[in-house]
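Read off the chains here:
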Amino acid sequence: MQQFDLIIVGGGLAGASLALALRDTRLRIALVESQPPKRPDGWDARIYAISPANIEFLSRIGAWRHLDASRIAPIRAMEVFGDSGGKLGFSAYETGVPELGSILESSLMACEFWESAKRQSNLALFCPARSEAVEFRHDAAVLRLSDGTLLAAPLLVGADGRDSWVRESASLSAINTPYGEKGVVANFVTEKPHRNCAYQWFRDDGVLAYLPLPGNHISIVWSTPDAHADELCALEPGRFCERVAEAGSQTLGGLQLLTPPAAFALRLMRVPQTVAPRLALVGDAAHGIHPLSGHGINLGFQDASTLASLLSAAQPWQDIGEMRFLQRYQRARREETLLMQSTTDGLRRLFRGSSPGMRPLRNWGLTLMDGLPFIKNALARYALGGI
Ligand SMILES: Cc1cc2nc3c(=O)[nH]c(=O)nc-3n(C[C@H](O)[C@H](O)[C@H](O)COP(=O)(O)OP(=O)(O)OC[C@H]3O[C@@H](n4cnc5c(N)ncnc54)[C@H](O)[C@@H]3O)c2cc1C
């Protein structure tokens, strides 16, 4: 049996960032991942808007400066449109920050984290490795891999994504509410420059976001009912470009497809208990959120950041797998996660509601907020991850 201080199951963005954040600690870490990340040819269709708070976290753990800057686009402004004339605009300048966030590809970060993890002296990588069984004993979590390897540590972290095997093995419940929607993602070349502005439209058929990428490129996320998402993905490329350009009111002129559309199912997932004796969950294993706020991985990075701070500050004699210790992590993350989930869910409901009285009201609300700089800036700061 190989002994560690911490086992992390899942080397995606949440799990790998947690491992990197613990680089300078005395903890001996095992990172178990079923498949290493890879970089696609051209552009990755999975794109994230990273909040300033998380850029700061990634800088602190030494990952940000290694990312290829030519593949990162800062967001300098954002425009949000209601479904009948409402409009709300944010700018980095008005908010008093250099940028509202940055857009970059998932695999760009994943591959960089992976390379750093390989060089980390207090980290043992088990990859490709399939987890077969886990046992939570009173003093240790014991993980068996499919090749028979046994790993033991006082704490095991489940960072294995939304269908978390670890969560299920520990019988921690997850309350799933499918949205009946998919997030359609694709990248485009735009006719007009985006000037580093992100756009979001609340439409009858869902929420469409244009996110700036370097050069005249954008990425879109169109969260829309399943049938419409399937219809969009089945369109021939020229027609799909027209539909996305029309839905975005031709704001950036004509569009040319860079990566074919892909769709992923959306669901709200609440996990009432994200810790148990010898276990903590981070990232998508601990929560699912509608992508309209772009906060999915931002919440995951904050989980990693919070847990890493607690683990780094723990005394050598402290048992990091006991509930009293782990409850501090759960308490620290619960409020932000719940608030984000409720806010995005509420916004989505507000704009999906079909009541005729709601439409003018919600659009008026957006425009009203646009005229109240104090509230608007507070909202922008909050949305950006507590800067
Ligand atoms: C198909 C799809 C497309 C998406 N596209 C977007 C998008 O465009 N924009 C956006 O903002 N969000 C998108 N999301 C959501 C976003 O990807 C997640 O919020 C984010 O990846 C969560 O990171 P994570 O590290 O918590 O989990 P994951 O990225 O799911 O990582 C989990 C890791 O654990 C590994 N793993 C799983 N089980 C085991 C096991 N038993 N043993 C060992 N390793 C294991 C997996 O291989 C994986 O590397 C998408 C999600 C999906 C499913």
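Remember, it's a predicted structure, so these values are computed and weren't measured experimentally.

About the thresholds
- Residues numbered from 1 in each chain as written.
- Predicted model: local features only at pLDDT ≥ 70, side-chain atom pairs only at ≥ 80, totals over all residues.
- Heavy atoms only, no water.
- Helix = DSSP H or I, 4+ residues; strand = E, 2+ residues; numbered from the N terminus.
- Buried < 20%, exposed > 50% of the residue type's maximum accessible area, 1.4 Å probe, protein only.
- Contact = heavy atoms within 4.5 Å.
- Areas by Shrake-Rupley, 256 points an atom, 1.4 Å probe, with all protein chains shown as cover.
- Phe/Tyr/Trp six-rings, centres within 6.5 Å; stacked < 30°, edge-to-face > 60°.
- Lys NZ or Arg CZ within 6 Å of the ring centre and 35° of its normal.
- Near = heavy atom within 4 Å.
- Polar contact = N/O pair within 3.5 Å; in protein donor to acceptor, adjacent residues only side chain to side chain.
- Salt bridge = Lys/Arg side-chain N within 4 Å of Asp/Glu carboxyl O.
- Pairing = 2+ DSSP bridges.

**Focus: the overall build of the protein**
Consideration 1: Along the backbone of the protein there are 11 helices and 21 strands.
Consideration 2: Looking at the protein as a whole, 54% of its 387 residues qualify as buried.
Consideration 3: Taking contacts inside the protein between residues at least 6 apart in sequence as the whole, the part at least 24 apart equals 73%.
Consideration 4: Counting only carbon and sulfur atoms, one obtains 54% of the accessible surface of the protein, whose full area is about 16800 Å².

**Structural notes on the environment of Ser164**
Consideration 1: Summarising the element assignment, Ser164 is placed in the loop between β13 (155–158) and α5 (165–169).
Consideration 2: Using a relative accessible area of 0% as the deciding quantity, one classes Ser164 as buried.
Consideration 3: Between the C-alpha atoms of Ser164 and Val9, which are 155 residues apart in sequence, the distance is 9.5 Å.
Consideration 4: Those residues in contact with Ser164, other than ones at most four positions away along the chain, are Leu281 and Ala285.

**Thoughts on the packing of aromatic side chains**
Consideration 1: Tallying each qualifying case throughout the model produces eight aromatic pairs.
Consideration 2: For the ring pair Phe57 and Phe301, a centre distance of 6.2 Å and an interplane angle of 50° mean the geometry is tilted. Linking Phe57 in helix α2 (residues 52–60) with Phe301 in helix α8 (residues 296–313), this pair joins segments that are 244 residues apart in sequence.
Consideration 3: Put simply, the rings of Phe81, Tyr199, Trp201 and Tyr210 pair up and form one aromatic cluster.
Consideration 4: The aromatic ring of Trp43 is capped on one face by Arg71, whose charged end is 3.9 Å from the ring centroid.

**Some thoughts on the environment of Arg270**
Consideration 1: Tracing the backbone shows Arg270 in strand β18 (residues 255–270).
Consideration 2: Note on Arg270: relative accessible area 28%, which makes it partly exposed.
Consideration 3: Beyond its immediate sequence surroundings of up to four residues, Arg270 is in contact with Ser173, Ala174, Ile175, Leu338, Gln341 and Ser342.

**Observations regarding the site of the ligand**
Consideration 1: Inspection of the region around the ligand gives 23 residues, with Ala14, Glu33, Arg46, Tyr48 and Asp284 positioned closest.
Consideration 2: Measuring from a nitrogen atom of the ligand, one finds a backbone N or O atom of Ser34 at 3.2 Å.
Consideration 3: Ile47 places a main-chain nitrogen or oxygen 3.0 Å from a nitrogen atom of the ligand.
Consideration 4: With the chains in place, 77% of the 1000 Å² that the ligand exposes on its own is no longer accessible.
Consideration 5: For the shell around the ligand, the elements supplying multiple residues, two or more each, are α1 (13–21) and β4 (47–50).

**As for the pattern of salt bridges**
Consideration 1: Taken as a whole, this structure holds 18 salt bridges when the rule is applied.
Consideration 2: With a closest N to O distance of 4.0 Å, Asp24 and Arg23 form a salt bridge.
Consideration 3: One salt bridge in this structure joins Glu132 and Arg144, with 3.5 Å as the shortest N-O distance. Here Glu132, found in strand β10 (residues 131–136), pairs with Arg144, found in strand β11 (residues 141–145); they are 12 residues apart in sequence, far enough to count as distant.
Consideration 4: The class for Arg144 is partly exposed, based on a relative accessible area of 37%.
Consideration 5: Counted as one network, the salt bridges with shared partners bring together Arg39, Arg71 and Glu105.

**Here we look at the pairing of β11**
Consideration 1: Of all five residues in β11, four are buried; the element is thus mostly enclosed.
Consideration 2: Where β10 meets β11, five bridges bridge the pair, whose relative direction is antiparallel. Bridge pairing in β11 places Phe136 opposite Ala141.
Consideration 3: Here β10 folds back onto β11 in antiparallel fashion, the turn holding four residues.
Consideration 4: Relative to strand β12 (residues 150–153), β11 is paired through four bridges, and the arrangement is antiparallel. Bridged to Val142 within β12 is Ala152.
Consideration 5: What sits between β11 and β12 in their antiparallel hairpin is a turn of four residues, with Gly148 showing a positive phi close to 95°.

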